[in-house]
Every structure is written in structure tokens, then in C-alpha cells.
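Summary of the model geometry
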There are 2 protein chains.
Amino acid sequence: MKITGEMLIGGAARAGRDGAIKAFDPTAGQPMEPVFGGATREDLEEACALAKAAFDTYRHTSLEARAAFLEAIADNILEVGDALVERCMAESGLPRARLEGERGRTVHQLRMFAGVVRDGGFLEARIDPAQPDRTPAPRVDLRLRNVALGPVAVFGASNFPLAFSVAGGDTASALAAGCPVVAKAHSAHPGTSEIVGRAVQKAVRSAGLPDGVFSLLFDSGLAIGQALVADPRIKAVGFTGSRRGGQALIAIAQAREEPIPVYAEMSSINPVILFPSALAERAEAIGKAFAASLTLGAGQFCTNPGLVLAVEGEGLDRFAAAAAAAISEASAAAMLTPGIHAAYCAGVSTLEDHPQVTTVARGRPGDLFQGQAGLFSTTAEAFTANPELQHEVFGASSLVVRAPDLEGLRALIAALEGQLTVALHVADGDHDQVRPFLPLLERKAGRILFNGFGTGVEVGHAMVHGGPFPATSDGRSTSVGSLAIMRFLRPVCYQDMPKGLLPAELGDANPLAIPRRIDGRLELPA
Amino acid sequence: MKITGEMLIGGAARAGRDGAIKAFDPTAGQPMEPVFGGATREDLEEACALAKAAFDTYRHTSLEARAAFLEAIADNILEVGDALVERCMAESGLPRARLEGERGRTVHQLRMFAGVVRDGGFLEARIDPAQPDRTPAPRVDLRLRNVALGPVAVFGASNFPLAFSVAGGDTASALAAGCPVVAKAHSAHPGTSEIVGRAVQKAVRSAGLPDGVFSLLFDSGLAIGQALVADPRIKAVGFTGSRRGGQALIAIAQAREEPIPVYAEMSSINPVILFPSALAERAEAIGKAFAASLTLGAGQFCTNPGLVLAVEGEGLDRFAAAAAAAISEASAAAMLTPGIHAAYCAGVSTLEDHPQVTTVARGRPGDLFQGQAGLFSTTAEAFTANPELQHEVFGASSLVVRAPDLEGLRALIAALEGQLTVALHVADGDHDQVRPFLPLLERKAGRILFNGFGTGVEVGHAMVHGGPFPATSDGRSTSVGSLAIMRFLRPVCYQDMPKGLLPAELGDANPLAIPRRIDGRLELPA
């Protein structure tokens, strides 16, 4: 597949004329061809107008047609074959196995949402039948279903050029909900974005859907992305990236004449909490596994374990020694972009230079834009007194905080900001001590996991990739897993609607065979 | 029941010391005893601290215990008997029958949420069992449930002193979700608020729940309400009132270090759309019914029909004549407060004095703080050119806008802001013309109703009392009906959690007998 550098505006492809973007190969340290042209205001205007025009038609596609469309996107992505993986490797510096896995995840996500659409539970169909004989007043007939919010702006993430980008979780869930998508490509992987964008565009065409169901814009600066969020035709935003970037988009969305929801996944240091019996039984094994999770993919995961909390003592010492040994052997690895590499180095320097922080281990040094792993240590007192030690360092860096006792451990957790994940390492002997921590942990994180690490987010129905602010801007939601579709829906009630006008999902006979609540009682289709 | 003028802070009752509030009888034109003392910062601090302390215990009550608690509140409200209705009549100027009905609705709401809690569907329980043999990597065990957000601030509304106030829909749904409530009483009905607050407090005590599950504060100005929204222990806000008031609270909530959701129900003019065949068949009957809905309760409903849209012609003339005849006969009625009455008079004057607006009818004049109904008329062109004609006039005032044809009618609707309701009057012969309007209407309103009016909101499972901004601040939600509970929940995922630590709703055997999704497939309890 030839990469042309063109944007996709509805069914068309054309080169943007506002500035130039080139991908950068962080392994080779070289910019890559071709040139991608940035979108102009006119391009944005056209993409939004097409999305608006497509909305009502698209959201009224049958469940089966919409599911088949999602599956066609998945098929088209696979059909590109190795060209996609190779371009993506060059643009991201990520290794082949990781990207083949990520492609599998992306395709799985689209197919999972096809299943969610066919199931129909997301429609939240409810019928309260009329009671004409009720006294003192008859009861009206009420029927409720969820409808799609409207066109959604999706901002691709740098660290998952497939699974969190042009046809990633935000796009898949928005399309599943019935929302057209205007995607803003991440400038770190424009070629990957174009390839995937064309796979979506092709699926739109072969499904006979209106062109505006999908557009892909490049942005040579920040202005087009910001204008996209401000556009009155856009009704929700999906974003994965930095806290600063997310907050800028939130401010724009809230300042609109009609404010809209922004689902921004931003900042998390994903505490790992080591309980005493687990340390006593297997401190070394945990330390080794921790180092593997920390250094995976140069640590460039939203769920990277950036913080370790435990009660000081011999067990924690053994954990730290094992982790240090493994990290010292860890090769440096190319980071996604020179900018991310520079930010990582700055974050690590802050820790290294901090008077109350000890450097426990550094990984093998690298060259060019490779990140060198780092493990640091501090006391509970210092961690509490220095809020900057809670800031995310995006990459393979982690800080061990030594609490004096379990009460001190609890105080450390209570002072944390919201997190995507909290990982607990426990043995049977710890359960009674863990139990009282759970309510606190539930208030702090979207996912609580045991004897593992947050990296490797399973895409399923029971996954939550979300959490209280600042992990995300809306802790009531998840951006991974089938529940993510709920972000792009709103309920509408129909009162005493003539039978001939009722939407199919609310007909008396349940023609779509979906789960429904009748008079408050959930009923499954036969 | 003696009304003492005291606030309720957890289990205690004490007089506030920051300023004095007196209720005002709008029928008698007299202030009422006793004096209610406004809360100080210390009172607020104590209420929030108690709410936070109560949170984890309260949210872990069993479904049955929580349901019984909600029912006890309902019983306690009824047990007060006529003293509640009488105080409420005096404070609001609303008639007995209306308030007895509203009390019934309030009690019904609490009991409905007890049923919702017992059902357990709101927990959204999901289990994706582990697949240890999956290749290339085994699948972890994932389990998801909704948990309560945290303490909720509830601002009582002036126009529903029972159903949208201290133990109204926001409080009932927040308590059902497992959230403690700190209620800020509306200064227009402090006595009613105290009586109802004591009914809640008594239920907290008899259920053996922690005191902080409920507090009730009076505010002699705006500062306590604002500080309540800003307090870091408050995790969500329910509000029903003016657009200005709602937006002020939203701004505070968004400026917090941890922003929180505000569910503000604010401003709606509830268009009534009359289709040609319906007008041809029964213009007079619709006009009469419209006048009755418009003047009900002095027009003081969020769903009051403040706008009529139709194609000009003989049918619309007959509608207007019938409505005018009925409105001319309508008695003036006491409005809730002198302030609301003054705002109503100002809004009506703007219409009366507008060069492009014709006065079609006025109701009988009243005295003191009585609202005099008004029906006005204008052209589509004038309505479009004068955005101020779209502003809500809270009270029994409505504006008929005459469109040149159906295309013009469509353009009028497209230019409207978000609405709580849209009411369509249609006959069988209109269906083909109505159908293409539906997608547009779904984008504009939370409830679409046929051959009726939006007043008289049925509390059920399929009700939506919500809608796009500015009808509400969050069109993804409803503040009436059982779906309202979802506003106060967020999902948490448990990965590979040891069986002994799992919450009951996620145990293998479904011990709570609730609906759950297993591997994405919805299953009902046996």
C-alpha cells in the first residue's frame, strides 16, 4: 500500500496545505517520507459538515449492518498485511512482536464491539406500558432507548499507534454507538494513521454508508485539534495523552456555547503495593516480574508501574535487590519520539538529583533516543512532603516508597491522586490485612489487580481502563472494554408514541431480540 | 411536629449562626415563623467530614438494608401527616391537592429506588472468567461492578418543595447508589425542608447507619452552597434551578483540583409542535388542553409548554382562539416567591413590549404575588432574528410561532437549544410528515411525547427528565426515573482477585441473585 501523505475527508483523499509533517524513525534517528500536509480550517469545516450530515443516517443503520461494518474495518486492517506493521515499527520504534500483538488487539476490539452492537444491551431499552385504568390518573406509555451523541472527535495516542489511535478503542466504541468519527492523527505516526484510515474509509464505502462517517485529519500544530473540539457539530471527544494536553481540550470543550463531554485518559503512576506475607514468600520473584513490567516497551504504557509502596524491612530489601539486579541488566530501548525521550530524561534527572531520593539502579545506557531504565527509592515522609515525586515520569522509571508500617502505607495511599490501576501483591496470609484497604483503593483507581501488573490491558467486557481524576477526566467511564460504548450515548424517552412511529427496538414484540426492561423487570430475548 | 429552625448535621440538630432565613407565605404576603439560622463554614465542614466518614460504611450496606432504609424514609414522611402538607402550602402557595400528589410522588420515588436497589441491575456486574489455557497468553480473571461516587451535594428546587427537594429525586437516587447526601435547603421552603430532613434523619438512626449519611444545611446567602460544591469531600452535585445558578455551580465544580460532575437541570421552553391533520381534526380541543397545561400550578414547571410551533393557517387560528378563550378565563395564581413573581412579570413585559410580538390573550389579573397567564404570538422570521424570544419565562406564559410551511417549521426546530421535552400533536394523517422530524427532535430533547403536554412527569423506569444543554448540564442522564441512579456510580474492575476478597455481587455463585454479564452475555438470576 502506497502512503501518499493525504488526509481523508469523507470519501475523498487530499493533501493538506497548512504546514508539513514528517514521521521520524527513532531507531534510525531519521525523518521519514512522505510529507503529510496539515489540515486547513476549510478541511476541518468539510470533515465536520460531512460528519453532521452522515449522523442521522449512520445512527439509524440496523444493528446487523453496523456490526458488519465494524468487522469490515477489522478485515481491511488485516488485509493490509505486513506493510502496516513495518511502517508502524519504523514510526514508533516499537518491535514487531509488540505491534503484531497490538494489531491483534485492535482487530479484536472492533470485533468485540460488533458483538456488543448485535447484543443490543447498550440501547438500555425500557418500556413502562400504559395503565389507562390507574387511579387517580391513568399512566402514560413510556419507552426509553439510548441514542448516539453525535459526531465524535478522536485524538490518537502516541504510545499505541494502532490500539489507541485512528481505529482504536475510542473510534471503535464511538462507531459502535452510532457516532461518526473525525480522527486527528498523532503526528508521531502519520503513515500508520493513513494506512489505518484508508482501511476505515474503504469499509465505509463498501458498506454503502454516507462518506462523513469517518474522516482523518493531520495537524501541523495544535490549532486544528483545538478547533475540532470547539466545532459545534462535534458532540464528544476521546483523547489519550498528557495531562496538559487533556486539560487544554477539556477547557475548550467547557467554554463552548454547548459544552460537551471529553473523555481524556491522562496521567497515572499505577501504584504497586507489596504486602508483608507476599514479600516474605516471594520478594525476589515479585522484584523480577516488576522489572519486566517496568521495562516492557520502554515503559511507555499508561499503566506502567511508576510507584511501589511497601512497609520497610527485610522483605522489601530483597524485592528491591532483585528488581535492581534485573533493571541493571535491562537494555535501553528506543522511545516513541525525541520529545518523549527528552521528557523522560528530564523526569529521571529530577529524581536522580533530588536530595531525598536514592538511585537504586539504572538500566544499561543506550544511544540516540533510547530510554535507560531507572529505579529510585525514598521514604514515606519525603514522598508526602514533595508532591512533585507523585508526577508521572512517562517511561521505564519507578519510585519505591518505604512506609514505616501498615498505617503509614494507608496514609500514603490516601494521599495519592486518582489512578488507572493499583496492583496488590498478596499471599494468603495477607488477606485480613488487605481487606480494610479495599474501600480506599476503590476510591482511588479504576482497576484493582492482584499478583500482577497493570501493563497488558485485557480487552473484555469486565475491563475498566479509567479511574478518578487525573487518571481520566471522567471516572464514570472506561476507554477500554465493551463498557466504553456507553460514553457516546444518551437516553431518549418516547411518551404515548403511535405504534407506527416507534423505533424498532421499542416495538411491542421485541423485533430486534434485545434485552429490555419491561416495567422495571429485565427480560432477555427468547 | 414542631419546626425549630435547626439544621441537621448528621445525627444532631442545631441552629445555624450565619444570618437568618424566614419562609414567606406568598398567599398571605407575610413572612413566617420560625427563624432558620444559616450554616457557618464550621457547620459545612462538619457535615462534609461526617459524610466522608459515613461513605464506606454506607455504600457497603446490603442491598436489602439500603432498600429498607429508603422505604423507611418514605414511611417517615407519610407519618408526619398533614403538618407537612400545611406547612408546604403556606411556604409555596401551592394548593393542597397538588402537594398531596407531590408527596405521593416523593414517596413513590423512594419506594421505586428501593426496588431498583433490590434488583441490583444498577451494579452492572460483569465477569470475564480466566482462560488459563488461552494462547499466546492466558487470560486473566476480570470482574466489574459499579461503586458509589462519594458524598453528593443536593440543591433543593423551589418549584417542587417535596419531589425535587430534600428527599426528592436527587437525594433518593444518590442514597440508592450508596452515596451520603448533604442537602442545601431552598430558602423558599425551609420549614418543609426541616420536616422532611427530620424524616430522613430518623430513618438513618433507626436503620443504625452512620450519622453522616445525611445532613441538611440552610444558607442565608450563596456562600455555603458554593463552598459545598467546592469541598473536596463532595464527589457529585444534583441541582434543579435557573440557568445562571446551575452554571455558577458548574464553574465551581470544574475549577476544583479534582473536578466533579454536576447534574444541573436548568432551562427549557418545551416546544409544542402542532401538525396539520391534528389541527384540522381537533384544533379547539388541543387549544383548551394546552391552556390547562400552561396555567397548571401557575406555570411553574420545568416542563411548562413555553413555545408553540405550527404552520400558519386556519387550523392554527382555531387553536389560538380556543387557547386564548381558555387563558382569558384563567384565574391568576400565587407564585412560589416574590422573586419568581417579579421575574415572571419582567419576562412577560418583554414579550408584551416587543415590536414583533402580538399579545393573544392575558389571564385574569391577580393581586399580590399572583401570576397572570399570557399567550403571545410571533412569526418564524421574528423568532429567528430575536434570540431573546427563546429565553425561558418561568410561569404561565407561552409564545406561538407561526411557520410558513413544514420546511420553515423544521428550520425553527433546528435553531432551538436543547430541551427537556418536545410535545407533538399529530393525527394518523400526519405520521408520514412526522417521521422525518423524529431524528431532529431526538437531537433536541430528552423526551418526545405525543398528543399531550410535558407537565405531569411520570416517575418510572422509562422516564427521561433530561436533555441536551442547556436543558441540563449533562444530557447523558436523567434526574427523574430509575435511570437517575446511574449518575452517582462509577465502574471498578477487579483482576485476579482472590475469591475470599471478592465483593458479594461478583462471587462465582451469584449469591445476591442479580443480573450479570458473564463473558459479555447477560444472565438473569434463577
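Numbering of residues begins from 1 in every chain and follows the order in which that chain's sequence is written. Think of it this way: whatever chain is written first is A, whatever ligand is written first is 1, and the rest follow in order. Only residues with pLDDT of 70 or above have their local features reported here, since the model is predicted, and side-chain atom pairs are shown and tallied only from 80 upward, although totals for entire chains, interfaces and linings are computed over all residues. In computing side-chain values, all of the structure's heavy atoms are included and hydrogens and water are not.

1. Observations regarding the interface of chain B and chain A
Each partner contributes residues to the interface: chain B has 73 residues there, and chain A has 73 residues. Each of two parts loses accessible area, computed with a 1.4 Å probe, when they are put together; buried area is these two losses added. A per-residue breakdown of the area chain B buries against chain A is headed by E442(B), R476(B) and L501(B), which together make up 12% of the total. Salt bridge, as used here, is a side-chain nitrogen of Lys or Arg placed within 4 Å of a carboxyl oxygen of Asp or Glu. Remark: the boundary between chain B and chain A carries 12 salt bridges. With a closest N to O distance of 2.7 Å, R134(A) and E458(B) form a salt bridge. Those elements that provide at least two residues to the side of chain B that touches chain A are helix 1 (41-59), strand 7 (125-128), strand 8 (142-148), helix 14 (431-434), helix 15 (438-444), strand 22 (445-450), strand 23 (489-495) and strand 25 (521-523) of chain B. Elements are defined by DSSP. Helices are runs of H or I of four residues or more, strands are runs of E of two residues or more, and each kind is numbered from the N terminus. Ranked by the residues each element gives to the side of chain B that touches chain A, the list is headed by strand 23 of chain B, at 7 residues. Three classes are used, and their members are as follows: Ala, Val, Leu, Ile, Met, Phe, Trp, Tyr, Cys and Pro are nonpolar, Asp, Glu, Lys and Arg are charged, and the others, Gly among them, are polar. Here the side of chain B that touches chain A is composed, by residue class, of 35 nonpolar, 13 polar and 25 charged. When DSSP locates at least two bridges between a pair of strands, those strands are taken to pair. In terms of strand pairing, strand 22 (residues 445-450) of chain A meets strand 23 of chain B through 3 bridges, oriented parallel. When the bridges of strand 23 of chain B are listed, I448(A) appears paired with Y494(B). Two residues qualify as a contact provided that any one of their heavy atoms is within 4.5 Å of a heavy atom in the partner residue.

2. Overview of the domain arrangement of chain A
All names here are of chain A. Assigned domains within chain A: domain 1 (7-266 + 477-487), domain 2 (271-450) and domain 3 (491-523). Boundaries between domains were set according to an automatic or database domain assignment. A C-alpha centroid distance of 29 Å is found between domain 1 and domain 3. Summing the contributions of domain 1 and of domain 3, the shared interface buries around 1,800 Å²; its carbon and sulfur component is 54%. For domain 1, the biggest contributors to the area lost against domain 3 are I127, R143 and R145; these three give 38% of the whole. On inspection of domain 1 and its partner domain 3, the count reaches 3 salt bridges. N or O atoms closer than or at 3.5 Å make up a polar contact, with two conditions inside protein: a donor-capable atom paired with an acceptor-capable one, and, for residues adjacent in sequence, both atoms drawn from side chains. Where domain 1 touches domain 3, the interface holds 11 residue pairs in polar contact (both at pLDDT 80 or more). Of all the secondary structure elements, the ones that give two or more residues to the side of domain 1 that touches domain 3 are strand 7 (125-128) and strand 8 (142-148). If one sorts the elements of the side of domain 1 that touches domain 3 by residue count, strand 8 sits on top with 6 residues. For the side of domain 1 that touches domain 3, the residue count by class is 9 nonpolar, 4 polar and 7 charged.

3. Brief notes about the UniProt feature "domain: Aldehyde dehydrogenase" (unreviewed entry) in chain A
UniProt positions are given in the numbering used here, feature names are shortened, and annotations may be inferred rather than shown by experiment. The positions UniProt marks with the feature "domain: Aldehyde dehydrogenase" (unreviewed entry) are residues 20-331 of chain A. Summarising residues 20-331 of chain A: 50% helix, 16% strand, and an end-to-end C-alpha distance of 34 Å.

4. So, the relation of the copies chain B and chain A
The copies were overlaid with a least-squares fit restricted to C-alpha atoms from residues scoring a pLDDT of at least 70 in each copy. For these two chains of identical sequence, chain B goes onto chain A by a turn of 180° and a shift of 0.0 Å along the axis, with RMSD 0.0 Å. What the rotation and shift describe, once combined, is the action of a two-fold rotation axis. Of the C-alpha atoms belonging to chain B, the one lying closest to the rotation axis is found on L524(B), 4.0 Å away. Take the interface residues of chain B: 100% of them recur as interface residues in chain A, which is what a same-surface contact looks like.

5. Here's the deal with the packing of aromatic side chains
The rule is short: rings of Phe, Tyr and Trp, with Trp giving its six-membered ring, pair when the centres are within 6.5 Å, and they are stacked under 30 degrees, edge-to-face over 60, tilted in between. In the structure shown here, the tally under the stated rule is 20 aromatic pairs over all chains. With centroids separated by 5.3 Å and ring planes inclined at 90°, the aromatic side chains of F275(A) and F437(A) adopt a geometry described as edge-to-face. Remark: F437(A) occurs in the loop between helix 14 (431-434) and helix 15 (438-444) and F275(A) occurs in the loop between strand 14 (271-274) and helix 9 (276-295); sequence separation between them is 162 residues. With respect to class, F275(A) is no different from F437(A); both count as buried. When the ring of F290(B) is compared with that of F319(B), the centres are 5.4 Å apart and the planes differ by 50°; the resulting orientation is tilted. Placement of the pair is F290(B) in helix 9 (residues 276-295) and F319(B) in helix 10 (residues 314-329), with a sequence separation of 29 residues. The same class applies to F290(B) and to F319(B), which are both buried. The rule is simple: take the accessible area with a 1.4 Å probe, protein chains only, and divide by the maximum for that residue type; under 20% is buried, over 50% is exposed, in between is partly exposed.

6. Section: the sheet that holds strand 15 (residues 307-311) of chain A
Strand pairing in a sheet takes place through backbone hydrogen bonds and is either antiparallel or parallel in direction. Taken in spatial order, the 12 strands of this open sheet run 17(A)-19(A)-20(A)-15(A)-14(A)-21(A)-22(A)-23(B)-8(B)-7(B)-24(B)-25(B), and their pairing is mixed. Strands at the two margins of the open sheet, each flanked by one partner only, are strand 17 (358-362) of chain A together with strand 25 of chain B. Adjacent strand axes in the sheet meet at a mean angle of 20°, parallel and antiparallel pairs treated alike. For strand 15 of chain A and strand 20 (residues 397-403) of chain A, the ladder comprises 5 bridges, and the chain directions are parallel. In the strand pairing of strand 20 of chain A, V311(A) is matched with A403(A). Every angle, taken between N-to-C directions, lies between 0 and 180 degrees, and every axis is a line fitted to C-alpha atoms, over only the stretch in contact when it is a helix.

7. With respect to the packing of helix 3 (residues 82-92) of chain A against helix 6 (residues 190-206) of chain A
Residue and element names in this part refer to chain A. Put simply, helix 3 and helix 6 touch, their axes get as near as 8 Å, and they point 155° apart. As far as their axial angle goes, helix 6 and helix 3 are roughly antiparallel. Crossing of helix 3 over helix 6 shows left-handed handedness. Contacts between helix 3 and helix 6 involve A83, L84, R87, C88 and E91 on the former and, on the latter, P190, G191, T192, I195 and V196. Here the residues of the contact of helix 3 with helix 6 are counted per class, giving 6 nonpolar, 2 polar and 2 charged. Note on angle classes: values under 35 degrees are labelled roughly parallel, values over 145 roughly antiparallel, values of 65 to 115 roughly perpendicular, and the remainder oblique. Crossing chirality is assigned from the near helix's rotation relative to the far helix, an anticlockwise turn below a right angle marking it left-handed and a clockwise turn marking it right-handed.

8. Some details on the state of the cysteines
Residues and elements named next belong to chain A. Any two cysteine sulfur atoms within 2.5 Å of one another count as a disulfide. Across all of its chains, the model carries 0 disulfides over all chains by this definition. Residue C48 stays outside any disulfide, its sulfur separated by 14 Å from that of C179, the closest cysteine. The exposure class assigned to C48 is buried, which follows from its relative accessible area of 1%. Here C345 stays unpaired: no disulfide links it, and the sulfur of C302, its closest cysteine neighbor, is 20 Å away. When its relative accessible area of 34% is taken as the criterion, C345 is described as partly exposed.

9. Some words on the nonpolar core
In this structure, F319(A) and F319(B) are the most contacted members of the largest nonpolar core, which totals 354 residues. Setting aside residues up to four positions removed in sequence, F319(A) forms contacts with L274(A), L279(A), A283(A), I286(A), G287(A), F290(A), V308(A) and V400(A). Only buried residues count toward a nonpolar core, which is a set of Ala, Val, Leu, Ile, Met, Phe, Trp, Tyr and Cys residues joined through side-chain atoms within 4.5 Å.

10. Comments concerning the side chain of D25(A)
All names here are of chain A. For D25, the position within the fold is in strand 4 (residues 24-25). Buried within the structure, D25 lacks any salt-bridge partner; its nearest side chain of opposite charge belongs to R87, at an N-O separation of 9.1 Å. A distance of 3.0 Å separates a polar side-chain atom of D25 from the backbone nitrogen of A28. Apart from residues lying up to four places away in sequence, D25 is in contact with Q30, M32 and A90. In this count, Lys and Arg are taken as positive residues and Asp and Glu as negative ones, while His and the chain termini are left out.

11. Here's the deal with helix 8 (residues 243-255) of chain A
All names here are of chain A. Multiplying one less than the number of residues by 1.5 Å gives the expected span of a helix. Along its 13 residues, helix 8 runs 18 Å from first to last C-alpha, staying within 8% of the 18 Å computed at 1.5 Å per residue. Here helix 8 has its buried residues at G246, L249, I250 and A253. The arc that holds every buried residue of helix 8, seen down its axis, measures 105°, which confines them to one face. The exposed set on the far side of helix 8, more than 90 degrees from its buried face, consists of R244 and A255. Against strand 9 (152-155), helix 7 (223-230), strand 12 (236-240) and strand 13 (262-265) lie the buried residues of helix 8. By arc we mean the arc of the directions from the helix axis to the C-beta atoms, nothing more.

12. Digging into the pattern of salt bridges
As enumerated under the stated definition, the model contains 80 salt bridges over all chains in all. A salt bridge links R143(A) to D141(A); its shortest N-O distance comes to 2.8 Å. Take R143(A) and D141(A): they sit in the same class, and that class is buried. With a closest N to O distance of 2.7 Å, K235(B) and E258(B) form a salt bridge. One end of the pair, K235(B), is in the loop between helix 7 (223-230) and strand 12 (236-240); the other, E258(B), is in the loop between helix 8 (243-255) and strand 13 (262-265), and 23 residues separate them in sequence. What makes K235(B) partly exposed here is its relative accessible area of 24%. Note on E258(B): relative accessible area 24%, which makes it partly exposed. Members of the salt-bridge network, linked through shared partners, are D56(A), R59(A), R145(A), E505(A), E442(B) and R443(B).

13. Section: unusual backbone geometry
Of the consecutive residues E33(A) and P34(A), the connecting peptide bond is found in the cis state with omega at -10°. Tracing the backbone through its elements, the reader meets P34(A) in the loop between strand 5 (30-31) and strand 6 (36-37). Unlike most non-glycine residues, D496(A) shows phi in positive territory, near 50°. Within the secondary structure, D496(A) is located in the loop between strand 23 (489-495) and strand 24 (516-518). Given the relative accessible area of 31%, D496(A) is considered partly exposed. Phi is positive for L368(B), close to 50°, though the residue is something other than glycine. Looking at where L368(B) falls in the secondary structure, it is placed in the loop between strand 17 (358-362) and strand 18 (370-371). Overall, the relative accessible area of 47% leaves L368(B) in the partly exposed class.

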